[in-house]
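What the coordinates show
The chain contents come next:
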Amino acid sequence: MRVLKAVVPALALVAVTAGCSSSEGGDEQRLTAQRENYCTQLGAWQKARNAAGTDTPGPSGYDVVGALAQDAFLAMRPLRDETVGGGRTLAEATVAAMNNSDSEAEGRVVQYCDDVGFETLTR
């Protein structure tokens, strides 16, 4: 009976540890997917903004750029506290890039996408 009492806690510990490992793997996959989504949305916004800047777009052109900016903001939310250098978070840099046409901030978010492995999704 003593052996059983010693084995049960050990098995419980192994089960908890195994659960954490798979949970951590799931968390890492979720984080990777969130980063990819953000970089995809950022790239779509950049492409639309650049296209709108070359022509004289009508109001619908600006609506598309605004809608894509909103998509990028939504994609950024779960990642908002990640740092991008210069004492800025991803949220601060994204807002500055999209709302204030801050080219340094845009460079930081593009570098962020490069650092997390999704450089080809941005412009």
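Keep in mind that what you see is a predicted model, and the values were worked out from it rather than measured. (Residues numbered from 1 in each chain as written. Predicted model: local features only at pLDDT ≥ 70, side-chain atom pairs only at ≥ 80, totals over all residues. Heavy atoms only, no water.)

**Observations concerning the confidence of the model for the protein chain**
This prediction gives the protein chain a mean pLDDT of 81; 73% of its residues lie at or above 70. Counting contacts from residues 1–22, a segment whose pLDDT is below 50, to residues more than four positions away or on other chains yields zero contacts. (pLDDT = per-residue confidence, 0-100. Contact = heavy atoms within 4.5 Å.)

**Some details on the side chain of Gln-41**
By secondary structure assignment, the location of Gln-41 is in helix H1 (residues 2–54). Residue Gln-41 is classed as buried on the basis of its relative accessible area, which comes to 17%. Not counting the four nearest positions on each side in its chain, Gln-41 is found in contact with Leu-68, Asp-71, Ala-72 and Ala-75. (Helix = DSSP H or I, 4+ residues; strand = E, 2+ residues; numbered from the N terminus. Buried < 20%, exposed > 50% of the residue type's maximum accessible area, 1.4 Å probe, protein only.)

**Things to note about the environment of Cys-113**
Mapped onto the elements of the fold, Cys-113 is located in helix H4 (residues 103–115). When its relative accessible area of 0% is taken as the criterion, Cys-113 is described as buried. As a C-alpha pair, Cys-113 and Val-84 span 29 residues in sequence and 9.7 Å in three-dimensional space. Apart from the residues within four sequence positions on either side, Cys-113 is in contact with Tyr-38, Cys-39, Leu-42, Phe-118, Glu-119 and Thr-122.

**Some points on the environment of Val-110**
Topologically, Val-110 is positioned in helix H4. Residues in contact with Val-110, not counting those within four places in the same chain, are Leu-42, Gln-46, Thr-122 and Arg-123.

**Concerning the pattern of salt bridges**
In a structure, side chains of opposite charge can pair up when their charged atoms sit close to one another. Within this structure, the stated rule accounts for five salt bridges. One salt bridge connects Glu-106 with Arg-49, and the closest N-O pair in it is separated by 2.7 Å. Remark: Arg-49 occurs in helix H1 and Glu-106 occurs in helix H4; sequence separation between them is 57 residues. By relative accessible area, Arg-49 is classed as partly exposed at 27%. Across the pair Arg-108 and Glu-104 runs a salt bridge whose closest N-O atoms are separated by 2.9 Å. Taken together, the positions of Arg-108 and Glu-104, both in helix H4 and four residues apart, correspond to about one turn of that helix. (Salt bridge = Lys/Arg side-chain N within 4 Å of Asp/Glu carboxyl O.)

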